[in-house]
Amino acid sequence: IGYMAIGQSGSGKSSFFHSLVLNGCMKHSPKDLQFWLLDFKNGGASSKYSQSGLPHIKIIAENNKIDDALCLFQMVLEEMERRSKAFNKNFADNIVDYNKIATEKELEYFPRIIIAIDEVQEIFRDDNASVLQTLISSITTRMRSAGMHFVMVAQNLSDGKSYMLKDAFLPSATGRICFRVAPDI
């Protein structure tokens, strides 16, 4: 499952972001759901969570650096690989099947992980845009069975090289949310 939410400033994207996180925390235990948050608005949406004490929040990166995005995507790939090895070892095809086996055999239980990225278009303003496009494409085609899901929030996908995100992520996205956008988009 992956979602892309798009809308101009003041259209409700941050409210959507907070609703997603807080409702997820209220509905699911930290054993079942984790959030990895990456914010390219200098902590605009995720800054509330750095001191919240919510056990669901495992990663917060909010200093607007491209290296944080590359590091996060590498962590996602590593976690997917770790889970894939556990699935294969236990003859499971996905997180649901694996967690049933894990509960029976007292193995490590994997929570679903939502990787929420605010102002994702900002990472495509850097020279590493093509590297990020390749990473995102590789991740999105395989992450659902591992119980990992992207929610990407952007103001638009037409500035700079952010069109690359459309090619990398939108084909795999199961949902698209459109808030108010500028008339020229």
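Every chain is numbered on its own, with residues counted from 1 as its sequence reads. Reporting of local features is limited, given that this is a predicted model, to residues whose pLDDT is at least 70; pairs of side-chain atoms are given and counted only at 80 or more, and all residues count toward the totals for whole chains, interfaces and linings. Neither water nor hydrogens contribute to the side-chain values; these are computed over all heavy atoms in the structure.

## Comments concerning the pattern of salt bridges
The rule for a salt bridge is simple: a side-chain nitrogen of Lys or Arg has to be within 4 Å of a carboxyl oxygen of Asp or Glu. Inspection of every chain in the model, using the stated rule, returns three salt bridges. The partner of E79 in a salt bridge is R82, with the nearest N and O atoms 3.0 Å apart. In this pair, E79 and R82 are both assigned in helix α2 (residues 66-89), three residues apart and thus about one turn of the helix distant. Exposure remark for R82: the relative accessible area of 36% places this residue in the partly exposed category. Across the pair E108 and R82 runs a salt bridge whose closest N-O atoms are separated by 2.7 Å. Residue E108 is located in the loop between α3 (95-105) and β4 (112-118), and its partner R82 is located in helix α2; the two are separated by 26 residues in the primary sequence. Here the salt bridges do not stand alone but share partners, grouping E79, R82, R83 and E108 into one network. In DSSP terms, a helix is any run of H or I states spanning at least four residues, a strand is any run of E spanning at least two, and both are numbered starting from the N terminus. Think of it in three bands: with a 1.4 Å probe and only protein chains considered, a residue is buried below 20% of the maximum accessible area for its type, exposed above 50%, and partly exposed in between.

## Considering the packing of aromatic side chains
Pairing of aromatic side chains requires ring centres within 6.5 Å, counting the rings of Phe and Tyr and the six-membered ring of Trp. Pairs whose planes differ by under 30 degrees are stacked, by over 60 edge-to-face, and all others tilted. For the structure on display, the rule yields five aromatic pairs. For the ring pair F87 and Y98, a centre distance of 5.3 Å and an interplane angle of 35° mean the geometry is tilted. One end of the pair, F87, is in helix α2; the other, Y98, is in helix α3, and 11 residues separate them in sequence. Relative accessible area serves as the criterion here: at 5%, F87 is assigned to the buried category.

## So, the confidence of the model for the protein
Looking at the protein, pLDDT values average 84 and 85% of them are 70 or higher. Least confident of the elements in the protein is helix α5 (residues 163-168), whose mean pLDDT is 64; most confident is α3, at 96. Confidence scores labelled pLDDT are given residue by residue by the predictor and lie between 0 and 100.

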